[in-house]
Structure formats: structure tokens, C-alpha cells
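Fold and contact review
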Amino acid sequence: MALEHALLVSLSERAGTGYELARRFDKSIGYFWSATHQQIYRVLKRMEDCGWVTVESVDQQGKPDKKVYSVATGGEAELRRWIAEPSVSTPLRDELSVKIRGAAFGDVDALCAEIARHRDQHAARLDEYRASEKKFFPAPDQLSGTALHQYLVLRGGIRTEASYLDWCDEVLATLRPRKGDVSS
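On a predicted model such as this, the values are computed, not experimentally measured, just so you know.

The interhelical angle for the contact between helix α2 (residues 18–27) and helix α3 (residues 37–50), taken along N-to-C directions, is 130°, at an axis separation of 9 Å. Looking at the two axes, α2 sits oblique to α3. Handedness of the α2/α3 crossing: right-handed. Residues Gly 18, Tyr 19, Leu 21, Ala 22, Phe 25 and Asp 26 of α2 lie in contact with α3, whose contacting residues are His 37, Ile 40, Tyr 41 and Leu 44. Classifying every residue of the contact of α2 with α3 by side-chain character gives seven nonpolar, two polar and one charged.

Right, dumping it as C-alpha cells:
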């Protein structure tokens with residue numbers, strides 16, 4: 001997937017400025033596809049040149065005009081093409097997993113501290129996801145269209161984070177010395 005496609009999805013949900021898109025990435029899409037603010041602005045220009053987005057200048061008092069981006073007909077066609085295209089399943093690339101595999105060659109206590117740090121990060125993200133679920137989707141059985149699709153992605157994130165937490169707990173329980181164990 002290219003950043004262009006993530007931006008097309010976001011703009012299809014709601015038109016916005018580059019700044020607004022960057023904020024959306026920070027709060028939602030960015031959990032699944034990251035991009036810096038500079039990348040977003042650079043790609044928006046490229047998308048405009050390709051005819052995938054239109055730009056409307058909006059006058060602001062005492063400030064430079066802001067540019068509001070919307071999906072153009074060409075962008076709608078590209079989004080439909082991309083959604084229909086087979087997705088590539090990417091293999092897991094996780095540095096922590098490689099560290100765990102090499103635990104016998106390093107400081108296991110330091111590794112456990114790193115696993116606990118990862119666990120805490122995933123627990124915090126899971127809490128954020130669950131708070132979003134409660135706030136934005138209180139009646140999931142009544143959802144349809146875009147709201148249903150957003151909810152399904154959020155549920156995927158919740159399940160992924162919960163699974164990662166379980167795995168961290170399992171690894172920590174297994175790696176930490178048990179009472180009565182004697183290491184040589």
C-alpha cells in the first residue's frame with residue numbers, strides 16, 4: 001500500500017487540510033500506516049498533480065489561505081482499483097522477536113525489562129482502542145457503511161493488541177527465573 005491510498009481513504013471519509021489529515025493519522029490511520037507530516041504534504045501535492053485530489057483555497061483572516069483537499073474522480077477510480085487489487089500479506093518483522101530468540105546470548109533480565117516496556121506500550125494502545133470503541137461505537141450492532149468499516153478495523157486493532165499483550169505475558173512468565181531454579 002502506498003501512502004496515497006491511505007490518504008484517499010481518509011479524504012473519502014471527510015475532506016480536509018494537510019494539517020487535518022496529519023492529525024487524523026496521529027489519531028487513527030496512523031495506528032496502521034504511519035507517515036510524517038512532511039510526507040503527507042509531499043504526497044498530497046503528487047496526488048493533486050495526478051488528478052486524484054482537488055484543492056480548494058479557503059481565505060483566512062490574518063493567516064495564509066488554507067488548502068482543503070477532496071477526492072477527485074480520478075482518485076475515486078484509483079481507490080476502487082486499489083481496493084479490488086489483491087493485498088500482499090507482509091511477513092512479521094519484529095525486532096523484539098529476534099531478541100527473544102537470541103536471549104541465550106544476552107542479558108535475560110535486560111531483555112525482560114524490554115519486553116515489559118513493549119507490553120506497557122501495547123497495553124496503553126489497547127486502552128486507547130477500547131476507549132475509542134466505547135466513545136465512537138456504543139452500539140456496534142447498529143452500524144453500517146463507513147462507520148461499520150471503521151469499527152471493524154478498530155476491532156482488528158483491539159484483537160491484535162490483546163494478543164500481543166498475552167504473548168508478552170507468556171514470554172515474561174517463561175523467561176523470568178522461577179523460585180527454586182538454579183542457574184549456572
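Counted according to the given criterion, the structure contains nine salt bridges. As a salt-bridge pair, Asp 49 and Lys 45 come within 2.9 Å of each other at their nearest N and O atoms. One end of the pair is Asp 49 and the other is Lys 45, both in helix α3 and four residues apart, which spans about a single turn. Relative accessible area serves as the criterion here: at 56%, Asp 49 is assigned to the exposed category. The residue Arg 81 makes a salt bridge to Glu 85 at a minimum N-O spacing of 2.7 Å. Bridged by salt links that share partners, the residues Glu 78, Arg 81 and Glu 85 form one connected network.

Conventions we followed
Residues numbered from 1 in each chain as written. Predicted model: local features only at pLDDT ≥ 70, side-chain atom pairs only at ≥ 80, totals over all residues. Heavy atoms only, no water. Axes fitted to C-alpha atoms, helices over the stretch in contact; angles between N-to-C directions. Helix = DSSP H or I, 4+ residues; strand = E, 2+ residues; numbered from the N terminus. Parallel < 35°, antiparallel > 145°, perpendicular 65-115°, else oblique. Left-handed = near helix turned anticlockwise from the far one by under 90°. Contact = heavy atoms within 4.5 Å. Nonpolar A, V, L, I, M, F, W, Y, C, P; charged D, E, K, R; others polar. Salt bridge = Lys/Arg side-chain N within 4 Å of Asp/Glu carboxyl O. Buried < 20%, exposed > 50% of the residue type's maximum accessible area, 1.4 Å probe, protein only.

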